[in-house]
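A structural walkthrough
Now for the letters of each chain:
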Amino acid sequence: LDVKPQWSRSLDGIDYTPGLIGLNNMKANDYINVVLQAIIRISPIRDYFLREENYKSADSLLVNRFGELVRKIWNPRNFKGQVSPHEFMQAVMSASKKRFMIDRQGDPLEFMSWLLNTLHHDITGGKRKKRSVITDCLQGELKVTTEKGTGADKSAEDKVEYTKFLMLGLDLPP
């Protein structure tokens, strides 16, 4: 999929490239569409969700609906050059307890954080230390060094800790 793009033709005769199609905007879900378009461009995540057998053991409507949406977006035989994320949005509203709604604008960063963490949790069955395609692709590690004589314990030696993260906020200079 990444090496040579394949053109397809929709039923209305318009050419499109699978994977590079639009998502219907239902009222105010454009902030979610942006996040989805970014996540499905990550090749290992896309490839994982294109194969339903990879996550069939996950007992999660959200995981299954996300997989369906990825398959719709990358389908070379679509009826038209855009797809509807309606079923996925219903799963989001249910899983997030209506924190993210179709008819209400939201913060894309907050949604992305929630979606990645929820997908990871549901794929791994809630096991915190277990790896998933999400952590394999997006998890980083931050090395924190506390120099001797500083910090809360004023230790005589440097103290090194490693912290894992999925998202790291960085302040950029103006």
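So, a few notes on the structure that sits alongside this text.

Quick look at the overall build of the chain
For the chain, the count of helices and strands is six helices and six strands. For the chain, the sequential pattern of α-helices and β-strands runs β-β-β-α-α-α-β-α-α-α-β-β. Scaling as 2.2 N^0.38, a compact globule of 174 residues should have a C-alpha radius of gyration of about 16 Å, whereas the chain reaches 20 Å, well beyond that. Along the three orthogonal principal directions, the C-alpha set of the chain runs to about 70 × 45 × 40 Å. Relative to all contacts within the chain whose residues are 6 or more apart in sequence, the contacts with residues 24 or more apart total 54%.

Focus: the packing of helix H3 (residues 61–73) against helix H4 (residues 86–95)
Contact pair H3 / H4: the axes reach a minimum separation of 9 Å and the direction vectors enclose 155°. With respect to H4, the element H3 is oriented roughly antiparallel. Once H3 is placed against H4, the crossing between them reads as left-handed. Residues Leu 61, Leu 62, Arg 65, Phe 66, Leu 69 and Lys 72 of H3 form the contact with H4, whose own contacting residues are Glu 87, Phe 88, Ala 91, Val 92 and Ala 95. The class makeup of the residues in the contact of H3 with H4 is eight nonpolar, no polar and three charged.

Some points on the nonpolar core
If you look at soluble globular proteins, the nonpolar side chains tend to sit buried side by side. Phe 49, Phe 66, Phe 88, Phe 111 and Leu 115 are the most contacted members of the largest nonpolar core, which totals 39 residues. Of all the secondary structure elements, the ones that give two or more residues to this core are helix H1 (30–39), helix H2 (43–50), H3, H4, helix H5 (108–124) and helix H6 (133–138). If we ignore the near neighbours within four places in the chain, the residues touching Phe 49 are Tyr 55, Val 63, Phe 66, Gly 67, Val 70, Arg 71, Ile 123 and Val 133.

Comments concerning the packing of aromatic side chains
According to the stated counting rule, one finds nine aromatic pairs in the structure shown. Ring plane angle 85° and centroid distance 4.8 Å describe the contact between Phe 49 and Phe 66, whose orientation is recorded as edge-to-face. Here the residue Phe 49 occupies a position in helix H2, and Phe 66 occupies one in helix H3, the gap between them amounting to 17 residues. Given a relative accessible area of 1%, Phe 66 falls into the buried group. With centroids separated by 5.9 Å and ring planes inclined at 55°, the aromatic side chains of Phe 66 and Phe 88 adopt a geometry described as tilted. You can see Phe 66 sitting in helix H3 and its partner Phe 88 sitting in helix H4, a full 22 residues away along the chain. By the burial criterion, Phe 66 is buried, and Phe 88 matches it. In this structure an aromatic cluster arises from ring pairing among Tyr 48, Phe 49, Tyr 55, Phe 66 and Phe 88. Over the ring of Trp 74 we find Arg 46; its NZ or CZ atom is 4.8 Å from the centre of that ring.

Calculation criteria
Residues numbered from 1 in each chain as written. Predicted model: local features only at pLDDT ≥ 70, side-chain atom pairs only at ≥ 80, totals over all residues. Heavy atoms only, no water. Helix = DSSP H or I, 4+ residues; strand = E, 2+ residues; numbered from the N terminus. Rg over C-alpha atoms; globule rule 2.2 N^0.38 Å. Contact = heavy atoms within 4.5 Å. Axes fitted to C-alpha atoms, helices over the stretch in contact; angles between N-to-C directions. Parallel < 35°, antiparallel > 145°, perpendicular 65-115°, else oblique. Left-handed = near helix turned anticlockwise from the far one by under 90°. Nonpolar A, V, L, I, M, F, W, Y, C, P; charged D, E, K, R; others polar. Core = buried A, V, L, I, M, F, W, Y, C linked by side-chain atoms within 4.5 Å. Buried < 20%, exposed > 50% of the residue type's maximum accessible area, 1.4 Å probe, protein only. Phe/Tyr/Trp six-rings, centres within 6.5 Å; stacked < 30°, edge-to-face > 60°. Lys NZ or Arg CZ within 6 Å of the ring centre and 35° of its normal.

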